[in-house]
Amino acid sequence: LEVAGQEASLSYLLEPGTPTVWHHRPLGEYLLVGEAVVVHERYNVVRAGGTVLSVEIADGLGPVPEPKDELLRVPDAPVVANLRSGIGTAVGGSTRRWRAVPD
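This structure is a prediction, so every number in the text was calculated from the model and none was measured.

### Some points on the environment of Pro-63
- Its location among the elements puts Pro-63 in the loop between strand E7 (56-58) and strand E8 (79-82).
- Sequence separation between Pro-63 and Glu-41 is 22 residues; the distance between their C-alpha atoms is 4.8 Å.

### Brief notes about the sheet that holds strand E1 (residues 2-4)
- One open sheet holds the 4 strands; their spatial order is E1-E2-E3-E7, and the pairing between them is antiparallel. Both outer strands of the open sheet, E1 and E7, are each paired with one neighbouring strand and no more. If you compare each strand with its neighbour and ignore which way they point, the axes differ by 20 degrees on average.
- Pairing analysis gives 3 bridges linking strand E2 (residues 7-9) to strand E3 (residues 20-22), with the strands arranged antiparallel. Across the sheet, Ala-8 pairs through a bridge with Val-21, a residue of E3.

### Some remarks on the pairing of strand E6 (residues 51-54)
- With 4 bridges connecting them, strand E5 (residues 45-48) and E6 associate as antiparallel partners. For Arg-47, the partnering residue across the bridge sits in E6 and is Val-52.
- Joining the antiparallel neighbours E5 and E6 is a turn of 2 residues, in which Gly-49 adopts a positive phi near 65 degrees.
- Here 3 bridges tie E6 to strand E9 (residues 87-90), and the two strands are oriented antiparallel to one another. Bridging from a neighbouring strand, Leu-53 pairs with Ile-87 of E9.

### Details of the side chain of Ser-85
- By secondary structure assignment, the location of Ser-85 is in the loop between E8 and E9.
- Classification of Ser-85 by relative accessible area gives buried; the value is 8%.
- Of the polar contacts made by the side chain of Ser-85, one reaches the backbone nitrogen of Ile-87; its length is 3.2 Å.
- Look past the residues within four positions of Ser-85 in its chain and what remains in contact with it is His-23, His-24 and Arg-25.

### Observations regarding the side chain of Glu-41
- Checked against the element boundaries, Glu-41 lands in the loop between strand E4 (37-40) and E5.
- Classification of Glu-41 by relative accessible area gives buried; the value is 7%.

Analysis parameters
- Residues numbered from 1 in each chain as written.
- Predicted model: local features only at pLDDT ≥ 70, side-chain atom pairs only at ≥ 80, totals over all residues.
- Heavy atoms only, no water.
- Helix = DSSP H or I, 4+ residues; strand = E, 2+ residues; numbered from the N terminus.
- Pairing = 2+ DSSP bridges.
- Axes fitted to C-alpha atoms, helices over the stretch in contact; angles between N-to-C directions.
- Buried < 20%, exposed > 50% of the residue type's maximum accessible area, 1.4 Å probe, protein only.
- Polar contact = N/O pair within 3.5 Å; in protein donor to acceptor, adjacent residues only side chain to side chain.
- Contact = heavy atoms within 4.5 Å.

Purely geometric stuff here, so don't read any function into it on its own.
Laid out in structure tokens, this is it:
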């Protein structure tokens, strides 16, 4: 994870890909260089700890597909979001369909 102003460059852990994300506020306030975060391309969000940021994603892999096996369908982690700031707080739940991003 590299942060430069309102952009951050990420590298996926399990898939090939190096997406760039943009947020309207400086990302250094929410993301630490080298920190592991999760990305959900379907909903355009990055989660760092309990903070969820609404972002624009470029050069990603595309939306996360729905699993074919019904047993793998797990609701995404619930988030309480401030629509004005684009910042939310995760309140638990499953993050199994989020892609892990290494440092």
